[in-house]
Amino acid sequence: MTTILDGKTLALKLRGQIKEKVDKFKSEGHRAPHLAAILVGEDGASKTYVASKERDCDFVGFKSSVHKLPADTSEEDLLNLISSINNDEDIDGLIVQLPVPKHINATKVTEAINYEIDVDGFHTISVGKLTKNEDTFISATPFGVIMMLEDYGIETKGKSCVVVGRSNIVGRPMSILMSQGGRDATVTVCHRYTPNVGEFTKNADIVIVAVGIPDFLKVDMVKEGAVIVDVGITRVDADNKRGYVLKGDVDYENVKDKTSAITPVPGGVGPMTRYGLLFNTLKSYKKKLNL
Ligand code: NAD
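Residues numbered from 1 in each chain as written. Predicted model: local features only at pLDDT ≥ 70, side-chain atom pairs only at ≥ 80, totals over all residues. Heavy atoms only, no water.

Novice: Quick question: what am I supposed to make of the site of the ligand here?
Specialist: Surveying the vicinity of the ligand reveals 21 residues, the closest of which are R166, S167, V231, I233 and T273. In the environment of the ligand, a nitrogen atom lies 3.2 Å from a nitrogen or oxygen atom belonging to the backbone of V231. Between the ligand and T273 there is a distance of 2.7 Å, counted from an oxygen atom to a side-chain nitrogen or oxygen. Alone, the ligand offers 860 Å² of accessible surface; in the complex the protein occludes 75% of this. Looking at the shell around the ligand, the element that brings in the most residues is helix α10 (residues 269-289), giving three residues. Tallied by class, the residues present in the shell around the ligand amount to 11 nonpolar, eight polar and two charged. (Near = heavy atom within 4 Å. Polar contact = N/O pair within 3.5 Å; in protein donor to acceptor, adjacent residues only side chain to side chain. Areas by Shrake-Rupley, 256 points an atom, 1.4 Å probe, with all protein chains shown as cover. Helix = DSSP H or I, 4+ residues; strand = E, 2+ residues; numbered from the N terminus. Nonpolar A, V, L, I, M, F, W, Y, C, P; charged D, E, K, R; others polar.)

See below:
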């Protein structure tokens, strides 16, 4: 029997718990938690992501403010805006939606955010603390995956885990978290230069795929009874109203019956990522207000 790891339903439940806490804090006379977002340019997917973050904030009772800047905004203007938000005591979280236009240095932008409100967890200090297993903001996607595995009671201790992808925002932190005390998995990281990725994945108890290639993980690359987490989201052109469908990195229809548990796309990791951002913002707020 395969368990479908239903991130949509789980995130809804967890968001409800955040809303309850926020309602309580507000009823005690505290201000609402506040997430600020900066969006530079007109990238369609980025606009969709920011809009969904705004909706999530509304749902749980956070204040949200979105700064929409034109694509030709200078790096200096962007850094100045970040600096002014950093200095605003009433803002608990700041995210700059990536990617930024090519003339802006994304690393400079990430590092300009005060790590105390770095709710995306991309700052070098946040990553360093994560690596040392110190309290910090864990970037939303790996955090969401860990929450999901925990909630579904998926055993990770002593299990072999293959993470496919080594990006700073997904694969790398994911691999660190899975090997840390508490999860205790034995982790292998595969990437674009790994020959025969399937030789690794087909021996793994848990496979976490974050490559951005639709249907990358085929049924012959999976062990019977494995747990499969599909982080990938790619827009593939389709003849529907939106003009596209979302595809994961796993050949879901063919793989799912071979697994003991698997995340669908959409409705798996995506909603958990959105929850991760809310969790981090509430964490920052509680720290600021000593709650
Ligand atoms: P990225 O492009 O930064 O990294 C992709 C990684 O895949 C790289 O480390 C690369 O080495 C590896 N890779 C590429 N081709 C490979 C191959 N043939 N074999 C093995 N490894 C290969 O991407 P990212 O930001 O890590 O995102 C990965 C995917 O996850 C994308 O589809 C992205 O849209 C999605 N994503 C989803 C969420 C979510 O909430 N579900 C969040 C972030 C990213």
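After that view of the structure, there is still more to cover.
Novice: What exactly am I supposed to notice about the sheet that holds strand β1 (residues 3-4) here?
Specialist: In a beta sheet, neighbouring strands pair by backbone hydrogen bonds and run either parallel or antiparallel. A sheet is described by the order of its strands in space; here six strands give the open sequence β1-β11-β8-β7-β5-β6, paired in parallel fashion. Taken across any chain shown, the strands that pair with only one partner, and hence form the sheet edges, are β1 and β6 (186-190). The pairing of strand β7 (residues 206-209) with strand β8 (residues 227-230) spans four bridges and is classified as parallel. Bridging across to β8, V209 finds its partner in D230. (Pairing = 2+ DSSP bridges.)

Novice: Which parts of the structure should I look at to understand helix α3 (residues 75-86)?
Specialist: Note on helix geometry: an α-helix contains 3.6 residues per turn, so any two residues three or four positions apart are oriented the same way. In a regular helix each residue adds 1.5 Å, so 12 residues correspond to 16 Å; α3 covers 16 Å between its end C-alpha atoms and thus fits that length. Taken residue by residue, α3 has E75, L78, L81, I82, I85 and N86 as its buried positions. Buried residues of α3 fall within an arc of 140° about the axis and therefore sit on the same side. Those residues of α3 that are buried are in contact with β2 (34-40), β3 (63-69), β4 (93-96) and α4 (106-112). (Expected span 1.5 Å × (residues − 1). Buried < 20%, exposed > 50% of the residue type's maximum accessible area, 1.4 Å probe, protein only. Arc of directions from axis to C-beta. Contact = heavy atoms within 4.5 Å.)

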